[in-house]
Amino acid sequence: MSKILAINAGSSSLKWRLIEMPTEKVIAKGSAERIGQKLGKIKVVANGEKTERESPVPTHHDAVEMLLKMLTESKIINDFSEIAGVGHRVVAGGEIFHQSTLIDEEVLTQIESLAEYAPLHNPAEAEGIRAFMAALPGVPEVAVFDTSFHQTLPAVNYLYSIPYDYYKQFGARKYGAHGTSYRYVSQRAAELVGQPLSDLKMIVAHLGNGVSLDAIKDGQSYNTSMGFTPLAGVTMGTRSGDIDASLVAFLEEKLELSVEQMTDILNTKSGLLGLSGISSDMRDLLAKETTDERAKIAVDIFIDRIVQYIGAYTAQLNGLDTLVFTAGIGENEAPIRSRVCQSLGYLGVELDENLNKAARGTEQLISTPQSKVKVLVVPTDEELMIARDVVELGKIK
Ligand code: ADP
């Protein structure tokens, strides 16, 4: 039995999960949030007990050291030698990384060199990796990239219709995101419908705070709705999704904003939050939808954009066998799944509303036996996918 740490470092947070392999049992999990602020928040869940405390966590390096110290002090592990491998989610893998990779000094330098594609994430992730390499010498460290699953996109789907040189010179193309989630969910959905993934025309809708859809053909990502960055595609919690690029320049001028300020508005003050003026959280909007016009329009637009992408991707796939919902909203919000599927009658999609209502954070087929498209809920598990990659690449028994 081996213990694997799966690490998900964001710009100001570090989430972790300790997973026993091959049983895939979660031994403990936790997070350090508000890294770099005056007072950080540290959460741990182990042995069914949840603890929370506040303490300064100046850097990601400190977060790693505190985590390792805590794991031994609270006897979650007896000593570091029990950690057989560490897997790190890395947001941007550019065109360099087509799959998860064992980390050495060269790989780490490449992750750092991709910082301009994910300025808030890659440097924080690289710092976390360095801290683990120093604290656990000889333990395999594996990088699992959000983008690598989408490196199979054909040029027709990853190129923008802008001068071709910008792609060659600056890597200006679609990279996509949520790749680890898609890899896990698509494999699991194929197992659940009992057919090889390579035989299925599948669309996965990852509906969380960040929202994207992926068209899967021949077992590979064929098109995906996020773009050069995770700002593109459908309406999200706080991100705009697709808009006319000219509107950016127009609003910058009207509001006298810098490019950075405008980009920040499109990332953090738009989407469901910007439209409703109430919340980025779908639960709040569904609760207010009947009494608040703007909550209603936000939810309507959210659903409409998903329906548009499903239509476009079905056309690109030349048909659809399997539609899968995942992530916070996809796993928990039956009304959203139902309303999306009501607009897909033309594809022969038929939901079993009772099964749909019953599916809450659980794996479930929610379409009727007559439905031409199998519709499923599959809770995503990026950390488990990371742990599996560590076991495989680290040749861990
Ligand atoms: P992230 O992209 O940050 O990982 P999540 O996948 O947790 O986000 O999704 C957040 C969204 O999912 C929110 O809009 C929230 O309303 C919805 N959501 C999350 N958990 C639940 C739940 N248990 N029940 C209903 N909706 C949920």
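Residues numbered from 1 in each chain as written. Predicted model: local features only at pLDDT ≥ 70, side-chain atom pairs only at ≥ 80, totals over all residues. Heavy atoms only, no water.

Things to note about the overall build of the chain
The condition that has to hold: Each helix is a run of H or I in the DSSP string that is no shorter than four residues. Each strand is a run of E no shorter than two, and both are numbered from the N terminus. In this scheme, a residue with accessible area under 20% of its type's maximum is buried, one over 50% is exposed, and one in between is partly exposed, where area comes from a 1.4 Å probe on protein chains only. The contact rule is simple, with two residues in contact once any of their heavy atoms fall within 4.5 Å.
Along the backbone of the chain there are 15 helices and 14 strands. Seen through its principal axes, the chain has C-alpha atoms that stretch 60 × 55 × 45 Å. For the chain, the residues scored as buried account for 51% of the 397 residues in total. Pairs at least 24 apart in sequence give 60% of the contacts found in the chain among residues at least 6 apart.

Comments concerning the packing of helix α7 (residues 245-255) against helix α8 (residues 259-268)
Two packed helices can be described by the angle between their axes and the distance between those axes. The cut-off we apply is this: Simply put, an axis is a line fit to the C-alpha atoms, just over the touching stretch for a helix, and the angle between two N-to-C directions goes from 0 to 180 degrees. For a crossing to be left-handed, the near helix must be turned anticlockwise from the far one by less than a right angle; the clockwise case is right-handed.
Interhelical geometry of α7 versus α8 gives an angle of 115° and a closest axis separation of 10 Å. Both α7 and α8 take part in a crossing whose hand is right-handed. On the side of α7, the interface is formed by Val248, Leu251 and Glu252, while α8 contributes Val259, Met262 and Leu266.

Topic: the pattern of salt bridges
Here is the rule: Each reported salt bridge corresponds to a side-chain nitrogen of Lys or Arg within 4 Å of a carboxyl oxygen of Asp or Glu.
Inspection of the entire model under this criterion finds 21 salt bridges. Of the charged contacts in the structure, one is a salt bridge between Arg34 and Glu54, with a shortest N-O distance of 3.6 Å. Of this pair, Arg34 sits in the loop between β3 (25-33) and β4 (40-46) while Glu54 sits in strand β5 (residues 49-55); the two residues are 20 residues apart in sequence, bridging distant segments of the chain. With relative accessibility at 31%, the residue Arg34 sits in the partly exposed group. Under the relative-accessibility criterion, Glu54 is labelled partly exposed at 46%. The structure contains a network of salt bridges with shared partners spanning Glu289, Lys296, Asp300 and Arg339.

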